[in-house]
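Below are the chains, spelled out letter by letter.
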Amino acid sequence: MKYDMNPSSFLIQIPFFPEQASNFAFEYDLFYLFLVAVTIFFTVLVAAPALYFLIKYRRRSHGQVPEQIEGNLKLEITWTVIPFLISMFIFAWGAKLYYQMYTPPKDALEIFITGKQWMWRAQHPDGQREINELHVPLGRQVKLTMTSEDVIHAYFIPAFRTKADVVPGRYTTSWFTPTKTGTYHLFCAEYCGTQHSGMIGKVIVMEYADYQNWLRGVPRDKTPAEAGEQLFTSLACNNCHLENGKGRGPSLQNLFGSEVKLTNGAPVKADETYLRESILNPGAKTVAGYTNDMPTFQGLVTEEQVAMIVQYIKSIGPRQGAAPSAAPVPAAPVAQPISAPAAPQVANPAAR
Ligand code: CUA
């Protein structure tokens, strides 16, 4: 698939600006330049006459009394309405851009990002991992699902004009379509400790075929969903969450994305955040018809492991379009590097 829609050629490349390498970059820069232009225009419009009047109407003799001016309604309405319209235009444009940037497309390639003092880990849908680098295919929509192991970080790719906080205890997302091959900066944009400035990396945009080759060259780890399934068994989640729904906990089949009724009657959407909360703080939202017997897994599983379990639950949910993470993966007994620990110390936390 050829992708050639980058309109950046219309905009003069400003020195000291990062390259425009994503679908957002051009409009983002245009918006920014518009704000700068409006600011300069009104600064001059106010400052120049002020300076002129300052000189023209200066006091010329002792005891000189200026003529009193009571106001000018037309002028006042004009300088209220025009700025109002301009600021509403800025608001509408900014809101549109914001909405686009925070609404990832459904069938985007999903990559997991974990921030940790002081490194960035990434895992691709088929399990390939990398540290402080992110390889992405040209012209494909890429969605980053991110969380932190410790403090707040922020994933900032200047060339893509995307930046999003990476927060412990929740999932945030960011998405983009790379429009230009090359290597770009990756920064942490939230002060996170002594080596914050060293928490940097590279984003490598490759042609789709090259990306596929690259993926093949990286030793494949278990996919997040596969690792999650293993955790699901090793943590004995499957003892209570039976598929037939007759266990002590609700069945998790087809759960993801559905609406769950809670004991207090309120509905809640079974999304990543809900699943995560239910693993770490099971009592927070109890499903109608059940009592909360589940122990917390806080401290027993890392954020990455929680993300894996969530991916597993997602994979047994209704099929997600063509999401590669939900697709069956060919069994290949590859040497497993840093995968999820096979059996965490707690053999069966759900044991009665
Ligand atoms: Cu991580 Cu700053």
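Asks: Help me understand the pattern of salt bridges in this model?
Replies: Any two side chains of opposite charge can pair, given that their charged atoms come close. Overall, the coordinates contain eight salt bridges when judged by the stated rule. Notably, a salt bridge pairs E27 with K96, separated by 2.6 Å at the nearest N-O pair. Highlighted residues: E27 in helix α1 (residues 25-56) and K96 in helix α2 (residues 73-101), separated in sequence by 69 residues. For E110, the salt bridge identified is with K314, shortest N-O distance 3.2 Å.

Asks: Would you mind showing me how to read the packing of helix α5 (residues 272-280) against helix α6 (residues 303-315) here?
Replies: If you want to describe how two helices pack, look at the angle between their axes and the distance between the axes. Packing of α5 against α6 brings their axes to within 10 Å, and their N-to-C directions diverge by 120 degrees. By the criterion of interaxial angle, the relationship of α5 to α6 is oblique. Crossing of α5 against α6: the hand is right-handed. Contacts from E272, L275, R276, I279 and L280 in α5 reach E303, V306, I309, V310, I313 and K314 in α6. Across the contact of α5 with α6, the residue classes tally to seven nonpolar, no polar and four charged.

Asks: Looking at this structure, I do not really get the confidence of the model for the protein. What am I missing?
Replies: Predicted coordinates in regions of low pLDDT should not be interpreted in detail. Mean pLDDT over the protein works out to 83, with 86% of the residues at or above the 70 mark. The least confident element of the protein is helix α4 (residues 224-234), whose mean pLDDT is 84; the most confident is strand β6 (residues 153-157), at 95. Between residues 1-10, whose pLDDT stays under 50, and residues either more than four places distant or in other chains, the model counts twelve contacts. Below pLDDT 50 for its whole length, residues 320-352 participates in 51 contacts with residues either more than four positions away or in separate chains.

Rules of the game
- Residues numbered from 1 in each chain as written.
- Predicted model: local features only at pLDDT ≥ 70, side-chain atom pairs only at ≥ 80, totals over all residues.
- Heavy atoms only, no water.
- Salt bridge = Lys/Arg side-chain N within 4 Å of Asp/Glu carboxyl O.
- Helix = DSSP H or I, 4+ residues; strand = E, 2+ residues; numbered from the N terminus.
- Axes fitted to C-alpha atoms, helices over the stretch in contact; angles between N-to-C directions.
- Parallel < 35°, antiparallel > 145°, perpendicular 65-115°, else oblique.
- Left-handed = near helix turned anticlockwise from the far one by under 90°.
- Contact = heavy atoms within 4.5 Å.
- Nonpolar A, V, L, I, M, F, W, Y, C, P; charged D, E, K, R; others polar.
- pLDDT = per-residue confidence, 0-100.

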